[in-house]
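# Structural overview for review
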Amino acid sequence: MAVATAAQELGLKRGEFVIAVHLGLIRLTVPRDGGRPRAGRDEIERLRSQDGFPEALRERVRTVGTAAGARQLGISPDRFTKLARAGCLTPITFYLNRYRAIVWLYLADELTGFAAREPQLLTGRSPGWLRDRLEGGADCRAGNWRSRRVERLLSLTEDPWARVAVLADTLDPVQLAEVVDDPYERAYLARLRPEPAFGPTGPVWARETMAHLMRADEPDELLWRRVNLIMELDNAREVRPAPRPGSDRRAFPSPGSERALAPDSRADADADADADAGSRSGSGHKSRSGSGPESALVPRAPLSAPPSPCPESGPVQGPTGAAEPVVGLLARFGLRRRTVRAANRRQSAPGRAPFGG
């Protein structure tokens, strides 16, 4: 059945349904010949037969904003915002309010786990590392959101080119062209980008904000994303080449029946109101409930993972094949950048700086 019908069968709002998909609570399939994701009748019946349905399912995907999250933890909205900016709390989704300001939302279930793991961060004076990070202007919310989304999307597919497409989404076009220098490969990756469960919805500027947040913007994160992309790209090329003009597309099957889905939905009105209130008191953004466009939902990090300083760059994730030594990859990374820049300088007009230099 279509995902809209599946959401109605499960008694979930669109935003709740997409969060459930990215938490792995609901499995969708994508037809081999392409098209919108669909939910199997057996999957719906499995969920409906679980104990506590539908309240238990709704509770697992319930989100809260800054104000409601602060009340749940028993702290002030200002302290909640500081913990989130320092990287201790990771958003599960966001939406844009009427002023086009980003309002982050968090899983209520994750906040409960955080309170049990780190009670010392909820009372008394903040530790020195947290104060130093905030004084340095750190804001880890976007980076943490991006990292958990990438990790979740990679876990949902084993197709090598689909994995490359997920990592390619974290680089801007100039950076991507430096790593993937074949235009046919870049075109193939564009076709494999994860699609929203409910299709591309929302205004253009909201989708542009989503695309902007997906791109790495810190030097360390950029380095790790590029290294990971090189590793996955080498593995994908060994498995099969990207289709080229004149090739038989039937030789290049779509990446599996289960493909990672980029979230896209609106937070419920209660969470919006809490988030708007928290945005005014915690991060200074003006907002009002019920006025934001469609949001972008993201996957969940394991509750057992302890809070850590801005996980802007995680460990290198090797491809399914044999991984090359990291030192060799870094050397290739530097060589590729020098080669591209040298080529740009040769092609640039005299007296003009090379594009992307």
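Residues numbered from 1 in each chain as written. Predicted model: local features only at pLDDT ≥ 70, side-chain atom pairs only at ≥ 80, totals over all residues. Heavy atoms only, no water.

## Section: the side chain of Glu43
Threshold: The numbering of helices and of strands both runs from the N terminus, where a helix is a DSSP run of H or I of at least 4 residues and a strand a run of E of at least 2. Contacts described as polar in this section are N or O atom pairs within 3.5 Å, which, within protein, must combine one atom able to donate a hydrogen with one able to accept it, while residues neighboring in sequence count only if both atoms come from side chains. Note on contacts: a residue pair qualifies if any of its non-hydrogen atoms lie within 4.5 Å across the two residues.
Within the element layout of this structure, Glu43 appears in helix H3 (residues 41-48). Polar side-chain contacts of Glu43 include one of 3.1 Å to the backbone nitrogen of Arg27. At a separation of 2.7 Å, a polar atom in the side chain of Glu43 contacts the side chain of Arg46. In this structure, Glu43 is in contact with Leu25, Ile26 and Arg27, ignoring residues within four places of it in sequence.

## Structural notes on the pattern of salt bridges
Let me state the cut-off plainly: Salt bridges are counted wherever a side-chain nitrogen of Lys or Arg sits within 4 Å of a carboxyl oxygen of Asp or Glu. Only protein chains enter the calculation, and the probe is 1.4 Å; a residue is then buried if its accessible area is under 20% of its type maximum, exposed if over 50%, and partly exposed in between.
Here the structure, examined in full by the defined rule, presents 17 salt bridges. The shortest N-O distance in the salt bridge between Arg141 and Asp139 comes to 2.8 Å. Here Arg141 falls in the buried class, since its relative accessible area comes to 8%. In this structure Asp139 comes out as partly exposed when scored by relative accessible area, which is 36%.

## Remarks on the packing of aromatic side chains
Rules: For Phe, Tyr and Trp, where Trp contributes only its six-membered ring, two rings pair if their centres lie within 6.5 Å, and the inter-plane angle classes them as stacked under 30 degrees, edge-to-face over 60, or tilted in between.
Summed over all chains, the structure comprises 5 aromatic pairs. Taking the centre distance of 5.6 Å and the plane angle of 75° together, the rings of Phe94 and Trp145 count as edge-to-face. Within this pair, whereas Phe94 is found in strand S2 (residues 93-96), its partner Trp145 is found in helix H9 (residues 141-155), the two being separated by 51 residues in sequence. Summarising the aromatic geometry, the rings of Trp104 and Trp145 are spaced 6.3 Å apart at their centres and angled 55° between planes, so their arrangement reads as tilted. Of this pair, Trp104 sits in strand S3 (residues 102-107) while Trp145 is found in helix H9, placing the two residues 41 residues apart along the sequence. The pair Trp104 / Trp145 is uniform in exposure class, with both members buried. Through a chain of ring-to-ring contacts, three or more aromatic side chains come together here, namely Phe94, Trp104 and Trp145.

## Side note on the nonpolar core
To keep things clear, this is the line we draw: In plain words, nonpolar cores are sets of buried Ala, Val, Leu, Ile, Met, Phe, Trp, Tyr and Cys residues tied together by side-chain atoms within 4.5 Å.
The biggest cluster of nonpolar side chains holds 50 residues, and the ones touching the most others in it are Phe80, Leu83, Leu89, Phe114, Trp161 and Leu229. Among the elements that take part in this core, helix H10 (residues 160-168) stands out by supplying 6 residues, more than any other. Among the nonpolar cores identified, the runner-up in size contains 21 residues, and Ala6, Phe17, Leu25 and Ala39 belong to it.

## Brief notes about the confidence of the model for the protein chain
Basically, it comes down to this: Within a predicted model, pLDDT stands for the predictor's per-residue confidence, ranging from 0 to 100.
Scored by pLDDT, the protein chain comes out at a mean of 75, with 66% of its residues at no less than 70. For residues 311-327, every residue scores under 50 in pLDDT, and the model assigns this stretch 30 contacts once sequence neighbours within four places are set aside. In this model residues 335-357 is a low-confidence stretch, pLDDT under 50, and it forms 16 contacts with partners more than four residues away in sequence or in other chains.

## Description of the environment of Pro243
Turning to its location among the elements, Pro243 is positioned in the loop between helix H14 (219-239) and helix H15 (269-283). The exposure class of Pro243 is buried, given its relative accessible area of 11%. Once the C-alpha coordinates of Pro243 and Tyr184 are considered, the two residues, 59 residues apart in sequence, prove to be 7.4 Å apart.

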